[in-house]
Amino acid sequence: MSSVSDRLPTFPWDKLEPYKKTAAAHPGGLVDLSVGTPVDPVPELIQKALVDAADSPGYPTVWGTPALRDAITGWVERRLGARDVTHRHVLPVVGSKELVAWLPTQLGLGPGDKVAFPRLAYPTYEAGARLARAEYEAYEDPTELDPAGLKLLWLNSPSNPTGKVLSKADLTRIVAWAREHGVLVVSDECYLELGWEADPVSVLHPDVNGGSYDGLVAVHSLSKRSNLAGYRAAFLAGDPAVLGPLLEIRKHGGMMTPAPTQAAVVAALGDDEHVRVQRERYAARRRVLREALLGAGFRIEHSEASLYLWATRDESCWSTLAHLADRGILVTPGDFYGPAGENFVRVALTATDERIQTAASRLTA
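The residue count restarts for each chain, going from 1 along the sequence in the order it is written. Reporting of local features is limited, given that this is a predicted model, to residues whose pLDDT is at least 70; pairs of side-chain atoms are given and counted only at 80 or more, and all residues count toward the totals for whole chains, interfaces and linings. Computation of side-chain values: all heavy atoms of the structure, hydrogens and water removed.

Draft legend 1. Just the overall build of the chain, in detail. Scanning the chain from N- to C-terminus turns up twelve helices and 13 strands. Just to be clear, the radius of gyration here is over C-alpha atoms, and the globule rule we use is 2.2 Å times residues to the power 0.38. Here the C-alpha radius of gyration of the chain, 20 Å, is about what a compact globule of 365 residues would show, namely 21 Å. Overall size of the chain, expressed as C-alpha extent along the three principal axes, is 55 × 50 × 45 Å. Three labels apply to residues, based on accessible area from a 1.4 Å probe with only protein chains included: buried if under 20% of the type maximum, exposed if over 50%, partly exposed otherwise in between. Taken over 365 residues, the chain has a buried fraction of 54%. Secondary structure is summarised from DSSP: a helix means a run of H or I of at least four residues, a strand means a run of E of at least two, and numbering begins at the N terminus for each.

Draft legend 2. Here's a closer look at the pattern of salt bridges. Each reported salt bridge corresponds to a side-chain nitrogen of Lys or Arg within 4 Å of a carboxyl oxygen of Asp or Glu. Applying the stated rule across the entire model yields 22 salt bridges. Two residues, glutamate 137 and lysine 114, come together in a salt bridge whose shortest N-O distance is 3.3 Å. Taken together, the residues span a long stretch of sequence, with glutamate 137 in strand β4 (residues 135–139) and lysine 114 in strand β3 (residues 114–118) at a distance of 23 residues. Salt bridges sharing partners connect three or more residues here, namely Asp40, Arg285 and Asp353.

Draft legend 3. Region of the structure containing the sheet that holds strand β8 (residues 234–238). Read across the sheet, seven strands follow the order β2-β8-β7-β6-β5-β3-β4 without closing on themselves; strand pairing throughout is mixed. Looking along the sheet, the strands with just one partner apiece sit at the ends: β2 (90–93) and β4. Each adjacent strand pair in this sheet contributes to an overall mean axis angle of 20 degrees, direction not counted. Bridge count for strand β6 (residues 184–188) against strand β7 (residues 216–221) is four bridges, and the pairing is parallel. Following the sheet pairing, serine 187 is matched in β7 by alanine 218. In the packing of helix α3 (residues 66–80) onto the sheet, contacts are made with β2, β7 and β8, and the angle to β2 comes to roughly 110 degrees. Paired strands are those between which DSSP finds at least two bridges. Throughout, an axis means a line fitted to C-alpha atoms (over the contacting stretch in the case of helices), and angles, computed between N-to-C directions, take values from 0 to 180 degrees. Residues are treated as being in contact if the distance between any of their heavy atoms lies within 4.5 Å.

Draft legend 4. Representation of the environment of phenylalanine 336 in the model. Inspection of the secondary structure puts phenylalanine 336 in the loop between β12 (332–333) and β13 (344–348). Classification of phenylalanine 336 by relative accessible area gives buried; the value is 10%. With 321 residues separating them in the primary sequence, phenylalanine 336 and lysine 15 have C-alpha atoms 9.9 Å apart.

Draft legend 5. Main features of the packing of helix α1 (residues 17–24) against helix α11 (residues 317–325). Closest axis-to-axis distance for the α1/α11 pair is 8 Å, and the angle between their directions is 25 degrees. On the basis of the axis angle, α1 is roughly parallel to α11. In this structure, α1 uses Tyr19, Thr22 and Ala23 to contact α11, whose residues at the interface are Trp318, Leu321, Ala322 and Ala325. Each angle gets one of four labels, with under 35 degrees taken as roughly parallel, over 145 as roughly antiparallel, 65 to 115 as roughly perpendicular, and the rest as oblique.

Draft legend 6. Molecular detail of the packing of helix α4 (residues 96–106) against helix α5 (residues 124–131). Two elements in contact, α4 and α5, have axes separated by 7 Å at closest approach and are oriented at 35 degrees. Our pair here, α4 against α5, has a crossing hand that is right-handed. Residues Lys97, Val100, Ala101, Trp102, Pro104 and Thr105 of α4 pack against Thr124, Tyr125, Gly128, Ala129 and Leu131 of α5. Side-chain classes are defined by residue name, with Ala, Val, Leu, Ile, Met, Phe, Trp, Tyr, Cys and Pro counting as nonpolar, Asp, Glu, Lys and Arg as charged, and the others, Gly among them, as polar. Its residues assigned to classes, the contact of α4 with α5 comprises seven nonpolar, three polar and one charged. Take the far helix as the reference: if the near one is turned anticlockwise from it by less than a right angle, the crossing is left-handed, and if turned clockwise, right-handed.

Encoded structure:
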């Protein structure tokens, strides 16, 4: 009998170890632009909220405190332009990766059901389908998919890894198509607050959904916009007919966001200033890296949003990876995100100002 792990491919990041070793041997040390993990401090007001809630001896609830649900509904309306959002429209989750990996299973999908995701995509969309034993398909345009058996359509705008942003018109068209065919749309919008050359729009915006959340769920995370990757803080917003059953399943599974994290999220969603400050940090790093990559002969595609530059030298991504590792810089090979990325690398903006400047100097030397 095969184990669950047999359903999954080799964990892609393990393949980077030899290149990381090479890069780390550089005299000036490693510049890690691969994983995309935040490096800047957690804002003080969020740390304080966490500490103030440290004495939390009881079990937290899966649905979260009323204060947390108020914070989520308020943010969704204020930031995304959504209307008439109630507590029934929101659900906290223990970080967005957990949700992505287990959503097909929690939706009851299995053999004969199909999950679709972009042809360049976060690998966990595929992993989630595999865990559920569902079929899966990568798309260029979701409206060209065969809707037969299609139960879950993942959108990702801004995209990881490419930084591509779907326009309001495209989102509206896709939502209409999915509703026509009875397909649930789950939109991963974790990078929505990091638009540089585009203004990302949520599927929760009334211009996209016509004022109805039927068949729509948006995924949001505080990992990047608030430096809370270590807190495991994310949430869903959208169709109560989907979120209600998910809440019951997650109650049985004990999928509870820790109480101190819940308090931290309330503080984070109630403050826009720390997001503005962090955006400025990333914008400055992006300018430095982008100029250096272009100066070193790279071409950058998309990258109008998110925390990455999608770059190529028109060669195998592994050749580019080795080239950069020799210069003490570690990036992510594009084929981690699908065969269409085989000639690209993803370059993360998540390093300190000093490390970003060091990378730029090595690129242009």
